[in-house]
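So the chains spell out like this:
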Amino acid sequence: GLPDAKELIAKYNKAVGGDAWKSHKSARMKATLEVAAQGMRADIEAMNIFETKNYLMKTDLPGMGQMIVGYDGTTGWSRDPVSGARLLAGMEAAQAAEEADPEATLRTSANILKSETVEKTNMNNQDCYKVTHTWKSGRVSHDCFAVASGLIVASIQKQTSPMGEMEVTQLLDEYKDFGGVRRA
């Protein structure tokens, strides 16, 4: 049998420092997005202010410009070179609000209605348990928790944009300690 999703989430929380994030007021993450098939590379920076659930993500796309998505605790918005500035609605707004919740990173957010272990598989060159999460907004996401470490080694979700839905797979590795919190 497969381990219960609650057990995997608890093991992950222990591995990354669980509630240690609560000793911080904010978080900032820098990452690189690579789309190998198109030879594209983009720099990403995301910032959260925990108390107000403010969230901002900037993506610099070479040759195209900067895309920004934000959430101020009540309203989601974006600005990009193609669509300009606009307020988010529907699934886009729901995603922004859910991603602004600091508990979402730990998979303990009240916005997650159900988590279920669906299979043992291999992703990012590691044996892992795939867990499907159903969110209040209706969206579904998947995480692969490494059998050995309990860390999330891959995350799969559909992102909604003005151009429609796009499936995004994030491969996570090189976890490091940042003030008592381990992040990929």
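For clarity, every value in this text was computed on a predicted model and none was experimentally measured. Counting restarts for each chain, with residues numbered from 1 along the sequence as it is written. Residue-level local features of this predicted model are given only where pLDDT is at least 70; pairs of side-chain atoms are given and counted only at 80 or more, and the full residue set underlies all totals for whole chains, interfaces and linings. Each side-chain value is derived from all of the structure's non-hydrogen atoms; neither hydrogens nor water enter the calculation.

Q: Help me get a handle on the overall build of the protein chain, residues and values and all.
A: Here a helix means four or more residues in a row that DSSP labels H or I, a strand means two or more in a row labelled E, and each is numbered from the N terminus. When you go through the protein chain residue by residue, the secondary structure sums to two helices and 13 strands. Two things to know: the radius of gyration comes from C-alpha atoms, and the globule rule equals 2.2 Å times the number of residues to the power 0.38. Relative to the globule expectation of 16 Å for 184 residues, the C-alpha radius of gyration of the protein chain, 16 Å, shows essentially globular dimensions. Counting only C-alpha atoms, the protein chain reaches 50 × 40 × 30 Å along its principal axes. Only protein chains enter the area calculation, which uses a 1.4 Å probe; residues under 20% of their type maximum are buried, those over 50% are exposed, and those in between are partly exposed. Buried positions account for 35% of the 184 residues belonging to the protein chain. Residue contacts are defined here by distance: any two heavy atoms, one from each residue, within 4.5 Å place the two residues in contact. Intrachain contacts of the protein chain at a sequence separation of at least 6 include 35% that bridge at least 24 residues. His is not counted here, nor are the chain ends, while Lys and Arg score as positive and Asp and Glu score as negative. For this purpose, a charge sits on NZ of Lys, CZ of Arg, CG of Asp or CD of Glu. Charged side chains in the protein chain number 22 positive and 24 negative. The centres of these two groups are separated by 3 Å.

Q: Tell me about the pattern of salt bridges, and please be specific about residues and values.
A: By salt bridge we mean one thing: a side-chain nitrogen of Lys or Arg within 4 Å of a carboxyl oxygen of Asp or Glu. This structure, assessed with the given rule, holds nine salt bridges. The shortest N-O distance in the salt bridge between Arg 28 and Glu 45 comes to 2.5 Å. With Arg 28 in strand β1 (residues 26-35) and Glu 45 in strand β2 (residues 40-49), this pair connects stretches of sequence that are 17 residues apart. By relative accessible area, Arg 28 is classed as exposed at 56%. A salt bridge links Glu 98 to Arg 139; the shortest N-O distance between them is 2.5 Å.

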